[in-house]
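# Commentary on secondary and tertiary structure
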Amino acid sequence: SAAGQVLIGTELVLSMVAEKVVQGSAFKPKGVIQGSVIPDAVTWTTWEVDFTASTWGIKAAMDKVNNDIRFKYPLIITEVVFPSEAHKLGIMIGDHIVGVKSPDAADFIDIANANEKNPMSRERYVLDSVRDILMQGGNCTVRFTRMHRRPCAYCGSESLIEIQEEGSIVCSNCAMENNARIMSTQSEWRTFQDDDKSQEKGRTGGPENALLNNDGAQTKIEGNGRNGDVDVLGSAANLAKSQHRFGSQSGDRALTDAYKKIDEICDTMNLSSVIRGQAKHNFKSYDEESKKQKKKIPIDPVLTSCIYIACREEGFPRTMKEMCAATTLTKKEIGNAFKHVQELIKKTVQPMKASDIIPRFCSNLNLDGNVIEEAAKHICQAADALNITEGRVYTSIASAAMFMACLLRQRNPKHFRSCKQISDATGAAEATIRQIYKEMHAKRHQLVPPDFATKEEIDKLPEGGGGF
């Protein structure tokens, strides 16, 4: 050995171990040793820290979602500023934040995944209430956890290396074996089928899928053999063919085809993965309930209705015109299917309001900031309270409110759009927008927010919208 103090009888053994340690040095463990099940391989310590500074000096991974900052879950420290209060308190990169408590709170708020109720969502963020506390800084108590690797039982070093060929853990410092015959959880590299030519390496099925029947669990009959065996009653090939036609897999295929159509419509409308997942859950509920009903309606209006309901549920509503434009269906077909689906899955969707779709229309018009958006929302809500636009379509009401707000900012090109531009972005007819604008003009002083325009500017609003 390098130290030169090794018994002769153990020299060969140590040299063999050392060689395998060098071969295994390309394996770089991160936390738990990858690919293996090792009892008590790591330990976690938990402690609480009281912060008092306005800025603590720690950073965590985050994303910008709809102009809003969201911290990723789990909440892991990615940077510690030097010098800072966090550095003085011994906070390190890789520490986990598992709880926060503001000075006026009675107990800790546990760090949890905000999208835990939606298993189809790939985004994992912490709760907004936790984010607000962390970004505010100042006086706060934070609960941390830190992972510690189990040290070598002989020298105390944490430099342990896995030798995958033998399933053992060896210390790279003293070359002593710490654990033997560990269980690997990596992919299979051999087949467990009777047929040696089979390419299937797994001994289990796929993961559970709540969107399929029985969570995706099923029994599969392999039909190995000659093509002539298909006609032999009771043969494996014959049974496999029968299962393929009439088994539970046929129901899963119908669901899978429906989910593909939902993805196609969502791609056309540029909808998020959250809405896609909710639409699929809506259709799964409809599919289970529709089997008990005698009334059957075409599948395409049902899928479109499931997406329409999902958009409402997630707070990103779409109009019927937009749903028709993304499909080849008529407004009547979608409307009839919407009522039927809503009744079967027992979901009550609140009626859409004009103020709900203004943010998206303002985004489509590339209006700078939220000035026009907030003013148009106020105008819609005030008009609704005064029953000025009763009986009108919410798309036309939103368009007229945006047109009135734009006219009050016509000197600023970033905040002004003509009636035609608004009509093209919203789908409402230009004549309809002007007609509703005239109805609003009579009570314009009660509709326009006082901090948006002066009384003189509101007085100068043209009655018919002028030539804009």
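Here is a short report on the structure shown in this document. Here the structure is a predicted model, which is why all the values come from computation and not from measurement.

For the structure on display, the rule yields 7 aromatic pairs. With a centroid separation of 4.5 Å and an interplanar angle of 15°, the aromatic rings of F51 and W56 are classed as stacked. The class of F51 is buried, set by a relative accessible area of 1%. According to the relative accessible area criterion, W56 is buried, its value standing at 6%. When the centroid spacing of 5.3 Å and the interplanar angle of 65° are considered together, the rings of F403 and Y437 count as edge-to-face. In this pair, F403 is assigned in helix 12 (residues 394–407) and Y437 in helix 14 (residues 430–441), connecting sequence segments 34 residues apart. Taking relative accessible area as the criterion, Y437 reaches 0% and is therefore assigned buried. Cluster of aromatic residues (ring-pair linked, three or more members): W47, F51, W56 and F144.

Bringing the packing of helix 6 (residues 273–290) against helix 9 (residues 331–345) into the picture now. Viewed as axis vectors pointing N to C, helix 6 and helix 9 meet at an angle of 80°, and their least axial separation amounts to 9 Å. Between helix 6 and helix 9, the angle is such that the two are roughly perpendicular. Contacts between helix 6 and helix 9 pair N282, S285, Y286, E289 and S290 from the former with H340, V341, L344 and I345 from the latter. A breakdown of the residues in the contact of helix 6 with helix 9 according to their chemical character gives 4 nonpolar, 4 polar and 1 charged.

Among the 10 residues of strand 9 (residues 140–149), 7 are classified as buried, and the element is accordingly described as predominantly covered. Strand direction decides the pairing type here: strand 7 (residues 96–101) and strand 9, joined by 5 bridges, are antiparallel. Along strand 9, the bridge assignment pairs V100 with V142.

Turning our eyes to something else, we now look at the sheet that holds strand 10 (residues 160–163). Taking strand neighbours across the sheet as the criterion, the 3 strands line up as 10-11-12 in an open arrangement whose pairing is antiparallel. Sheet topology places strand 10 and strand 12 (177–179) at the edges, where each strand pairs with a single neighbour. Within this sheet the neighbouring strands show an average axis-to-axis angle of 40°, counted without direction. Where strand 11 (residues 168–171) and strand 12 come together, 2 bridges link them in antiparallel fashion. Note on strand 12: the bridge partner recorded for I169 is N179.

Conventions and cut-offs
Residues numbered from 1 in each chain as written. Predicted model: local features only at pLDDT ≥ 70, side-chain atom pairs only at ≥ 80, totals over all residues. Heavy atoms only, no water. Phe/Tyr/Trp six-rings, centres within 6.5 Å; stacked < 30°, edge-to-face > 60°. Buried < 20%, exposed > 50% of the residue type's maximum accessible area, 1.4 Å probe, protein only. Helix = DSSP H or I, 4+ residues; strand = E, 2+ residues; numbered from the N terminus. Axes fitted to C-alpha atoms, helices over the stretch in contact; angles between N-to-C directions. Parallel < 35°, antiparallel > 145°, perpendicular 65-115°, else oblique. Contact = heavy atoms within 4.5 Å. Nonpolar A, V, L, I, M, F, W, Y, C, P; charged D, E, K, R; others polar. Pairing = 2+ DSSP bridges.

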